[in-house]
Each structure stands twice: as structure tokens, then as C-alpha cells.
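Below, each chain spelled out in residue letters.
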Amino acid sequence: MKDKIKRFAQMVKESQKIVFFGGAGVSTESGLKDYRSRDGIYNTCKKYGIPPEEILSIDFFWEHPETFFEFYREYFISDALPNKAHTAIAQLEKLGKQVTVVTQNVDGLHQKAGSTRVLELHGSAAKYYCDRCGEKYGVEYVANRANAVPKCAKCGGIIRTDVVLYGENLDHNVMESTVRAIWDADMLIIGGTSLTVYPAASFIEYFHGNHLVVINKEQTRSDDAADLVFHDSIGQVMTAMLDEIKG
Ligand SMILES: [Zn+2]
């Protein structure tokens, strides 16, 4: 382990443009549930009698907004704090690296930890807007259960989340920026994702830099291609690597 951490630290030292591509496993260390694991939302949320994937669809949102928001408040609005992984990734910038975080998470924890360039492939649960007039709202407005279905104070339209729902397309600009960042990167660190969700997972195929590192508790489809693989906690690995660099 010590040896691998040393190699990881050396790779980071040699790299200037670094992309961290992360998934749900980055946030589970903050106590947030992921989607697909045994304890994840998709396998444990039974109370609505409807698969969560279906609740999280744009059609369901329009047909049953009350149920949508009840579910949404339970799983997508939280006061979780950044963990060691988020903090370590943010600290890479302080070493003078140009870091782009590409995340499949919608919890905004990378920004809270201090990362300045974050591409949110699946949108953000920190942002809301009126579907009719576009007026923007904060999470507090939607969290307030008095607004069972939150409506726009200006026009009465339904307020929706910026999170990309099933049946919707990913944001074109975010995808383009993601491809460009990965294409330009010297180093790609993949963390907390088993790379099973498309199209998000296909972006990493654009990488042609020097160092590919995978950190994930389970095997991923990129393990074989990686220069270094850790089947371990992202927070621990990233922190150990930073400690190694700082000496
Ligand atoms: Zn409105």
C-alpha cells in the first residue's frame, strides 16, 4: 500500500492538468446513500411501491408532483458535509494543479469543499428554477414542506430541480466541457464509480494522457487499463497521497 501511495503521489507531481471523475462512492463517505449498491436507494426504498428510477423520471414529476417532492426531499435534500475525499481533491488545486472535477453526483459537496471547477453531469440538487418563467430558487424554498409542490412566487409555475431526471438529456455544454477536459488532461483519477452508467462512463474513453488511476471499493471496467488501482476508501487514499506529497 505504502509503495502504491508513493507511486500515486509521484504521478500527481508529474501532472499539471488533472481530471477527477467521480461517482456515488465519493459521497457515501459523507453518509449519503448511493443508488445502485445493496444498501443504495434503488434497493432499499420500497415505501412508495414504485421503483425510485421511475419516481425520478420527468414523466412521473409531471404526473405525480406531490409524491415526487416527498421522495425528493427524503433522498436529495440533506445537510451532509464534504468528507476527506472532497477535501483532498480541493487541496490538489492548492498545489497549483489545474483540476477539473467531473461528477455524477448532484449534492454540491465538491464546491462546498472548495473545488472551483466542477462539471455536474447529472445537474445539481442545489439549484432550482420555475419551469414556466425560469425564476431561480434556492434549496430552502423546496425543502420547506409547507410547499408540498413548490410553486413560483412570480407566476405560479411548478418549480423544478436542476437534477437531470430520467427521460431528460444531459446538458450539452457540460458534456462538451467534460470531453474537452478529459481530452486535455495529463492525469485522470476515477473514483467511487463502477462506470456502469452511460453516457457518463463513456467520457473516460477520451483520455489519452499519461496516468490513469482508479480508486473504487469494487472492480471497475477501467481497472485493466489503469496504471494504478486502489480497491479502497477514496478519502483515505487521496489523503495519504497528499500527505506523501507534502512530506
Ligand atoms: Zn415562474
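Residues numbered from 1 in each chain as written. Predicted model: local features only at pLDDT ≥ 70, side-chain atom pairs only at ≥ 80, totals over all residues. Heavy atoms only, no water.

Asks: Can you tell me about the coordination of the zinc ion, naming the residues and giving the values?
Replies: At this site the zinc ion is bound by Cys 130 (SG), Cys 133 (SG), Cys 152 (SG) and Cys 155 (SG), with donor distances of 2.3 to 2.4 Å. Viewed at the metal, the four donor atoms of the zinc ion are separated by angles of 95 to 117°, and the geometry they form is tetrahedral. By relative accessible area, which is 5% here, Cys 152 ends up buried. (Donors = N, O, S within 2.8 Å, 3.2 Å for Na, K, Ca; no water. Tetrahedral: all angles 85-135°; square planar, octahedral: opposite > 155°, others 65-115°. Buried < 20%, exposed > 50% of the residue type's maximum accessible area, 1.4 Å probe, protein only.)

Asks: Please set out the packing of aromatic side chains residue by residue, giving values where relevant.
Replies: Aromatic ring pairs are described here by two measures, namely the spacing of the ring centres and the angle between the planes. Under the definition given, this model contains 12 aromatic pairs. Taking 5.8 Å as the distance between ring centres and 75° as the angle between the ring planes, the aromatic pair formed by Tyr 48 and Phe 71 counts as edge-to-face. Separated by 23 residues along the polypeptide, Tyr 48 in the loop between helix 3 (41-44) and helix 4 (52-55) and Phe 71 in helix 6 (residues 65-76) bring together distant segments of the chain. The pair formed by Tyr 48 and Phe 71 is uniform in burial state, with each residue classed as buried. Residues Phe 68 and Tyr 72 carry aromatic rings whose centres are separated by 5.6 Å and whose planes lie at 20° to one another, so their mutual orientation is stacked. With Phe 68 and Tyr 72 both in helix 6 and four residues apart, this pair spans about one turn of that helix. Both residues of the pair, Phe 68 and Tyr 72, count as buried. (Phe/Tyr/Trp six-rings, centres within 6.5 Å; stacked < 30°, edge-to-face > 60°. Helix = DSSP H or I, 4+ residues; strand = E, 2+ residues; numbered from the N terminus.)

Asks: How would you sum up the packing of helix 1 (residues 2-14) against helix 11 (residues 234-246)? Please name residues and give values.
Replies: Contact pair helix 1 / helix 11: the axes reach a minimum separation of 9 Å and the direction vectors enclose 70°. The angle between helix 1 and helix 11 falls in the class roughly perpendicular. The two elements helix 1 and helix 11 cross, and the hand of that crossing is right-handed. Here helix 1 contributes Lys 2, Ile 5, Lys 6, Phe 8, Ala 9, Val 12 and Lys 13 to the contact with helix 11, which in turn contributes Val 237, Met 238, Ala 240, Met 241, Glu 244 and Ile 245. Split by residue class, the contact of helix 1 with helix 11 holds nine nonpolar, no polar and four charged. (Axes fitted to C-alpha atoms, helices over the stretch in contact; angles between N-to-C directions. Parallel < 35°, antiparallel > 145°, perpendicular 65-115°, else oblique. Left-handed = near helix turned anticlockwise from the far one by under 90°. Contact = heavy atoms within 4.5 Å. Nonpolar A, V, L, I, M, F, W, Y, C, P; charged D, E, K, R; others polar.)

Asks: Can you lay out the packing of helix 7 (residues 84-94) against helix 11 for me, pointing to particular residues and giving the numbers?
Replies: Contact geometry of helix 7 with helix 11 gives a least axis separation of 7 Å together with a crossing angle of 35°. Judged by the sense of rotation from one axis to the other, the crossing of helix 7 with helix 11 is left-handed. Between helix 7, through Lys 84, Ala 85, Ala 88, Ile 89, Gln 91 and Leu 92, and helix 11, the contact on the second element is made entirely by Ile 234, Gly 235, Met 238, Thr 239, Met 241, Leu 242 and Lys 246. Partitioned by chemical class, the residues of the contact of helix 7 with helix 11 number eight nonpolar, three polar and two charged.

Asks: So, the pairing of strand 8 (residues 211-215): which residues are in play, and what are the values?
Replies: Within strand 8, five of the five residues are buried, which leaves it mostly tucked inside the rest of the structure. On strand 8, burial covers both faces: His 211, Val 213 and Ile 215 on one face and Leu 212 and Val 214 on the other are all buried. As paired strands, strand 7 (residues 187-191) and strand 8 are joined by five bridges and run parallel to one another. In the strand pairing of strand 8, Leu 188 is matched with Leu 212. Here three bridges tie strand 8 to strand 9 (residues 228-230), and the two strands are oriented parallel to one another. Residue pairing in the sheet places Val 213 in a bridge with Leu 228 of strand 9. (Pairing = 2+ DSSP bridges.)

Asks: Just give me the short version of the sheet that holds strand 8, but keep the residues and values in it.
Replies: Read across the sheet, six strands follow the order 3-2-1-7-8-9 without closing on themselves; strand pairing throughout is parallel. Where the open sheet ends on each side, the last strands, each with one partner, are strand 3 (118-120) and strand 9. Direction aside, the axes of adjacent strands within the sheet are offset by 15° on average.

Asks: Can you tell me about the pattern of salt bridges, naming the residues and giving the values?
Replies: Scanning the model with the defined rule gives five salt bridges in all. Glu 244 is the partner of Lys 2 in a salt bridge, and the nearest nitrogen-oxygen pair spans 3.4 Å. Here the residue Lys 2 occupies a position in helix 1, and Glu 244 occupies one in helix 11, the gap between them amounting to 242 residues. For Lys 2, a relative accessible area of 56% puts it in the exposed group. We note a salt bridge from Arg 180 to Glu 176, for which the minimum N-O separation is 3.3 Å. Residue Arg 180 and its partner Glu 176 are both found in helix 10 (residues 172-184); the two are separated by four residues, about one turn of the helix. Judged by its relative accessible area of 39%, Glu 176 falls in the partly exposed class. (Salt bridge = Lys/Arg side-chain N within 4 Å of Asp/Glu carboxyl O.)

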